[in-house]
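# Breakdown of the fold
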Amino acid sequence: SQQGEEDPQALSIQEGENATMNCSYKTSINNLQWYRQNSGRGLVHLILIRSNEREKHSGRLRVTLDTSKKSSSLLITASRAADTASYFCATAGRGGGNKLTFGTGTQLKVEL
Amino acid sequence: DTAVSQTPKYLVTQMGNDKSIKCEQNLGHDTMYWYKQDSKKFLKIMFSYNNKELIINETVPNRFSPKSPDKAHLNLHINSLELGDSAVYFCASSQQDRGSEAFFGQGTRLTVV
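Numbers given to residues run from 1 along each chain, matching the order in which its sequence is written. Here every chain gets a letter starting at A, and every ligand a number starting at 1, in the order they are written. Local features in a predicted model are, by the rule used here, given only for residues with pLDDT of at least 70; side-chain atom pairs are given and counted only at 80 or more, and totals for whole chains, interfaces and linings are based on all residues. Side-chain metrics rest on all non-hydrogen atoms present in the structure, leaving aside hydrogens and water.

## Quick look at the interface of chain A and chain B
- Contact between two residues is taken to exist if any of their heavy atoms lie within 4.5 Å; hydrogens are not considered. The interface of chain A with chain B comprises 21 residues on the first partner and 23 residues on the second.
- In this description, buried area is defined as the sum, over both parts, of the accessible area (probe of 1.4 Å) that is lost when the two are combined. Buried surface at the junction of chain A and chain B, both sides included, amounts to about 1900 Å², of which 51% is carbon and sulfur.
- Should a side-chain nitrogen of Lys or Arg be within 4 Å of a carboxyl oxygen of Asp or Glu, the pair is scored as a salt bridge. There are one salt bridge connecting chain A and chain B.
- A salt bridge links E58 of chain B to K99 of chain A; its shortest N-O distance comes to 3.3 Å.
- Counted as a polar contact is a pair of N or O atoms within 3.5 Å, where, for protein atoms, one must be capable of donating a hydrogen and the other of accepting one, and residues adjacent in sequence contribute only when both atoms are in side chains. Across the contact surface, chain A and chain B share six residue pairs in polar contact (both at pLDDT 80 or more).
- Helix numbers and strand numbers start at the N terminus; a helix is a DSSP run of H or I with at least 4 residues, a strand a run of E with at least 2. Breaking the side of chain A that touches chain B down by element, the ones donating at least two residues are β4 (29–37), β5 (43–50), β9 (85–93) and β10 (100–102) of chain A.

Structure representation (structure tokens):
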């Protein structure tokens, strides 16, 4: 069964606003990652947060992880039109193989 | 200097045909993957190879056969294509001992008619 659920499924905001996406998962994890996918392109890794971390920043991105609630959030501050894309969370389990289990994705549209 | 490259980018073929998708990575990673993304954008792992050895094989029909001639290449061969195989297939790679940040190829859009 699918590991991660993301909400919202779609988000439309104005340029300059902040965008927050949430991800929930079901089993224990080694780490959680966020990826971006532009239309018709491959996935690009954004940020990785380990299970013993609670918050991580990278540029305009801020990720939080709450392992007790099995949830994570991705905040994009001061959004730009170029941030328009689909965003996926992915969990890496404690088992072998580095298997990533992806969430359902959030489609973000940033309007001028 | 593409890190993970897969070919072809688009593949249109008839039901019943056999086709292959090739993937190469120049990152020196020891692990490669195939993922399938369906029309609802849901991504699911199909296979994973570590140093040319199969380590993950999700419940994929045996019409799908991965082949890893060396750790920089992971090809996907599909026999007797069916309409339901239409999807975007992504190759990815990672280095196992650095956690599992993955680098993805641009995808192969397979359309079975």
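## As for the environment of R63 of chain B
Residues and elements named next belong to chain B.
- For R63, the location among the structural elements is in the loop between β6 (53–57) and β7 (64–70).
- With 17 residues separating them along the chain, R63 and S80 place their C-alpha atoms 6.8 Å apart.
- Each residue touching R63, except ones within four places of it in the same chain, is listed here: H77, I78, N79, S80, L81, E82 and D85.
- A distance of 3.2 Å separates a polar side-chain atom of R63 from the backbone oxygen of S80.

Purely geometric numbers; function is a separate question.
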